[in-house]
Amino acid sequence: MLHEVSFLSFNERDMVQGWIYVPACKPKGIVQLIHGFGEHSRRYFHMIVKFMDAGYIVAADDHVGHGKTAMANNTWGNWGEKGCHTMMEDEHLLTLLVKEKYPELPYFLFGHSMGSFIARDYAAKYGNELSGMTICGTTGIFRGAAEAAAALEAIVAEGKGDESDPALVGSLLGWMCERCGEVSIGNEWICADPYVQIDHATDPFDAFTKPTNNRSLLYFVQMMECITGTDWAEKVPKELPVYNIGGDQDPVGEYGQGIYQVTNWLCQTGHCVKTRVYSGYRHEIHNYSDLKDEVEAGIIAFMDSVIG
């Protein structure tokens, strides 16, 4: 069964478009899938089906400025003007909607890339409502973020928040193919598979190659600032199980260093974290044909262990 849902964003402007995928069996839990920067939730259809086959309801939406939500509201790359917690609050609104339809089931988050930032922000505020959380392709201290934040704050203060400055985008993200060898598309850092790269670059629901305005890019950087260090980790409930996964050739996670930074912040504040770093793989470990089944099986095993 599939529910298509729509709800008013925290930004008080957009109608967020979402979906609830229900398996044809008695569900044992719910997974809310949170996609990353510039993409959309249907890029995770393989994972969604695997979760359903394992007995989980899957909830997902397209963030403001992204995917079907951007198309429905004509707001590509524009996240509104309500601040860096907008997407996190939208994810909580989706949670409430899902729980109203399917109450009293264990509830998990899976967040990839920016989705993992959102999940970490969510856990700091609403973690007591969760049974567990998987973060994938996450960041520790993101290279150049502090400098980008200062520059973006100045530009937005000048009244240029609705404009887009390619130079700032380039300074923040332009270095991420540094280990990829020959670069032709510019997204090679996501995955070594050229078919995944082409699919990502030509997807009409993918906003990654469309301009993100300066205000939204500032929110993106501020989002990372909110989930940095033990100050963040202290806000996450200590009893919340966390599964932290990624590839050691992922620039977002500084080639493994950032992944372990996050685990160490959580461990230093008394949390239980399971960490798995896959050697030789880039950002989207769930999109490699030789690895995705293993990645998905690991997430399912983590959730099953929490329920069990």
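Coordinates for the structure precede this section.
An account of the accompanying structure is given in this report. Bear in mind that the values here come from a model prediction, so they are computed numbers and not experimental data.

About the criteria used
Residues numbered from 1 in each chain as written. Predicted model: local features only at pLDDT ≥ 70, side-chain atom pairs only at ≥ 80, totals over all residues. Heavy atoms only, no water. Helix = DSSP H or I, 4+ residues; strand = E, 2+ residues; numbered from the N terminus. Rg over C-alpha atoms; globule rule 2.2 N^0.38 Å. Buried < 20%, exposed > 50% of the residue type's maximum accessible area, 1.4 Å probe, protein only. Salt bridge = Lys/Arg side-chain N within 4 Å of Asp/Glu carboxyl O. Phe/Tyr/Trp six-rings, centres within 6.5 Å; stacked < 30°, edge-to-face > 60°. Lys NZ or Arg CZ within 6 Å of the ring centre and 35° of its normal.

### Looking at the overall build of the protein
Then comes step 1: Counting its secondary structure elements, the protein contains 11 helices and eight strands.
Then comes step 2: Whereas a compact globule of 308 residues would reach a radius of gyration of roughly 19 Å, the protein reaches 18 Å, a difference of no more than 12%.
Then comes step 3: Counting only C-alpha atoms and orienting by the principal axes, one finds that the protein spans roughly 50 × 40 × 40 Å.
Then comes step 4: Counting only residues that meet the buried cut, the protein has 59% of its 308 residues in that class.

### Comments concerning the pattern of salt bridges
A side chain with one charge can pair with a side chain of the opposite charge if their charged atoms come near.
Then comes step 1: Under the counting rule described, the total for this entry stands at 17 salt bridges.
Then comes step 2: Salt-bridge contacts for Glu254 lead to Arg143; the nearest nitrogen and oxygen are separated by 2.8 Å. Of this pair, Glu254 sits in the loop between strand S7 (242-247) and helix H10 (257-268) while Arg143 sits in the loop between strand S6 (132-136) and helix H5 (145-157), placing them 111 residues apart in sequence.
Then comes step 3: Each of Glu39, Arg43 and Glu284 takes part in one network of salt bridges that share partners.

### Some remarks on the packing of aromatic side chains
Then comes step 1: Across all of its chains, the model carries 10 aromatic pairs by this definition.
Then comes step 2: Residues Tyr56 and Phe108 carry aromatic rings whose centres are separated by 6.2 Å and whose planes lie at 85° to one another, so their mutual orientation is edge-to-face. Placement of Tyr56 in strand S4 (residues 56-62) and of Phe108 in strand S5 (residues 107-112) is noted, with a sequence separation of 52 residues between them. With respect to burial, Tyr56 and Phe108 carry one shared label: buried.
Then comes step 3: Aromatic side chains Phe142 and Trp175 sit 5.7 Å apart centroid to centroid with 55° between the ring planes, which places their arrangement in the tilted category. Taken together, the residues Phe142 in the loop between S6 and H5 and Trp175 in the loop between helix H6 (166-173) and helix H7 (194-202) connect sequence positions 33 residues apart.
Then comes step 4: Through pairs of rings, three or more aromatic residues link up here, namely Phe37, Trp79, Phe117 and Phe220.
Then comes step 5: A cation over a ring is seen here: Arg143 above Trp175, with NZ or CZ 3.8 Å from the ring centre.

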